[in-house]
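# Observations on the three-dimensional arrangement
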Amino acid sequence: MADADSQRCVSALLNGITQRLYYGNTEITEEFLKNELYAEMTQGEFRALHDKMRTLLKSIASADMDQAQLEAFLTAQTRKQGGSGVTPEQAAALARFWKAHRTRVRESLLAQSRWEPGLRGLKWRVDLHTSASRGQVSNSPVALVELELGRAGESSEFVCLEFDEQKVNLVLKKMAELQESIDSVVHRS
Amino acid sequence: MYTLLSVNTDYRTSIHYPVLSRLAVGQTLMVNQLVDMEWKFGVTVGTSELQKTGNIFLQLKLVIRKGNTTENVYMELTLPQFYNFLHEMERAKASMDCFS
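Given the structure is predicted, the values throughout are model-derived calculations rather than measurements.

### Quick notes on the overall build of chain A
In terms of regular secondary structure, chain A is built from six helices and three strands. Against the 2.2 N^0.38 benchmark of 16 Å for 189 residues, chain A shows a C-alpha radius of gyration of 26 Å, more extended than a compact globule. Projecting the C-alpha coordinates of chain A onto the three principal axes gives extents of approximately 85 × 45 × 25 Å. Residues counted as buried form 39% of the 189 residues belonging to chain A. Expressed as a percentage of contacts within chain A between residues at least 6 apart in sequence, the contacts between residues at least 24 apart total 52%. Surface accessibility of chain A: about 10600 Å² in total, with carbon and sulfur atoms responsible for 48%. Positive and negative side-chain charges of chain A, numbering 24 and 26 respectively, have mean locations separated by a distance of 3 Å.

So, in structure tokens, the structure goes:
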């Protein structure tokens, strides 16, 4: 029973660390985790446990360990002497946790490696200018495109662009070139 | 000021209201014009947080005209985002072809 409780607390601690490190939930502080999970522990003891779990999680995530790699890694950790290793219960909790969260953590790390804003959304409409206060109107259609851009965790910015037919063709031509490049890499790999 | 005969080929594609508000209040309706588009494509092999990625990156730079100056808009797309962008531009072109 005590082991099961201990594993549950370690799992919850790992979840809390992951929320903050990888899922952008900055409300899950170290203090919050201590109060919720390890209220009886001293500050120093909890900090040591927290930092150990955090370091292990970062190592596992950085290497994107598969099952075999993780097993070897955790076995080595359980054999360490002098308190720097992990207990079998902690190792079991880590293994179960990583199995459940590996994909999502990896996706989060990949998203964090994209530093420019991403294209969150796109809308367009096509207008026909029928008259104008100045000059002739060509009666050619014009596309208005609204791009929704934003980085992870930030609010969106909107950019509105006008394309005549020539510009639409230019963009499509460039995208076709880009697609050729993608295809050449994808088919080579 | 343009009088626009707007042809919405898709009832969902109404321009984001705050954008139109900002553009329309006290101003002639003006939208930025695209001058050029540049792109960069490659594979990210590793990062400080993830040793091996093998993730495709697509960076686009749109050069847009704002009044007398130009401005660069940068974005980084995933493959699905790129294909969605391409698909929508093709749809817009098809719509324009009906009236050109």
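### Examining the pattern of salt bridges
Residues and elements named next belong to chain A. Scanning the model with the defined rule gives 11 salt bridges over all chains in all. One salt bridge in this structure joins Glu-154 and Arg-151, with 4.0 Å as the shortest N-O distance. For Arg-151, a relative accessible area of 35% translates into the label partly exposed. Between Glu-177 and Lys-173 there is a salt bridge, with its nearest N and O atoms 3.3 Å apart. Of this pair, Glu-177 and Lys-173 are both found in helix α6 (residues 165-188), four residues apart, which corresponds to roughly one turn of the helix.

### A look at the packing of helix α2 (residues 30-37) of chain A against helix α3 (residues 43-63) of chain A
The description of two helices packed together rests on the angle between their axes and the distance between the axes. All names here are of chain A. Two elements in contact, α2 and α3, have axes separated by 11 Å at closest approach and are oriented at 110°. Between α2 and α3, the interaxial angle falls into the category roughly perpendicular. On the side of α2, the interface is formed by Glu-30, Leu-33 and Lys-34, while α3 contributes Gln-43, Phe-46, Arg-47 and His-50. Looking at the contact of α2 with α3 residue by residue, the class counts come to two nonpolar, two polar and three charged.

### Focus: the side chain of Glu-162 of chain A
Among the secondary structure elements, Glu-162 of chain A is positioned in strand β3 (residues 157-163). There is no salt bridge for the buried Glu-162 of chain A, and the closest opposite charge comes from Arg-125 of chain A, which lies 8.8 Å off by N-O distance. Other than its neighbours up to four places away in sequence, Glu-162 of chain A contacts Val-142, Ala-143 and Leu-144 of chain A together with Val-31, Asn-32, Gln-33 and Leu-34 of chain B.

### Focus: the nonpolar core
One finds Leu-147 and Phe-163 of chain A together with Leu-62, Met-75, Phe-85 and Met-89 of chain B to be the most contacted residues of the largest nonpolar core, which totals 34 residues. Dropping the residues within four chain positions of it, Leu-147 of chain A is found in contact with Leu-119, Gly-121, Leu-122, Glu-157, Phe-158, Val-159 and Leu-161 of chain A together with Leu-62, Met-75 and Phe-85 of chain B. Core analysis: the second largest hydrophobic core is formed by 30 residues, Ile-28, Met-53, Met-65 and Val-105 of chain A among them.

### Quick notes on the pairing of strand β2 (residues 141-150) of chain A
Residues and elements named next belong to chain A. The buried fraction of β2 amounts to nine of the 10 residues, a majority that puts the element mostly inside the structure. In this structure, β2 lies alongside β3, joined through seven bridges in antiparallel fashion. The residue of β3 that forms the bridge with Leu-147 is Val-159. Hairpin connection, β2 to β3: the antiparallel pair is bridged by six residues, and Gly-153 has positive phi, about 80°.

### Quick word on the side chain of Thr-53 of chain B
Tracing the chain through its elements places Thr-53 of chain B in the loop between β2 (32-44) and β3 (55-66). Among the polar contacts made by the side chain of Thr-53 of chain B, one reaches the main-chain carbonyl oxygen of Thr-44 of chain B at a distance of 2.2 Å. Thr-53 of chain B has contacts with Arg-106 and Leu-110 of chain A together with Thr-44, Val-45, Gly-46 and Thr-47 of chain B, leaving out every residue within four places of it along the chain.

Conventions we followed
Residues numbered from 1 in each chain as written. Chains lettered and ligands numbered in written order. Predicted model: local features only at pLDDT ≥ 70, side-chain atom pairs only at ≥ 80, totals over all residues. Heavy atoms only, no water. Helix = DSSP H or I, 4+ residues; strand = E, 2+ residues; numbered from the N terminus. Rg over C-alpha atoms; globule rule 2.2 N^0.38 Å. Buried < 20%, exposed > 50% of the residue type's maximum accessible area, 1.4 Å probe, protein only. Contact = heavy atoms within 4.5 Å. Areas by Shrake-Rupley, 256 points an atom, 1.4 Å probe, with all protein chains shown as cover. Lys, Arg positive; Asp, Glu negative; His and termini not counted. Charge placed at Lys NZ, Arg CZ, Asp CG, Glu CD. Salt bridge = Lys/Arg side-chain N within 4 Å of Asp/Glu carboxyl O. Axes fitted to C-alpha atoms, helices over the stretch in contact; angles between N-to-C directions. Parallel < 35°, antiparallel > 145°, perpendicular 65-115°, else oblique. Nonpolar A, V, L, I, M, F, W, Y, C, P; charged D, E, K, R; others polar. Core = buried A, V, L, I, M, F, W, Y, C linked by side-chain atoms within 4.5 Å. Pairing = 2+ DSSP bridges. Polar contact = N/O pair within 3.5 Å; in protein donor to acceptor, adjacent residues only side chain to side chain.

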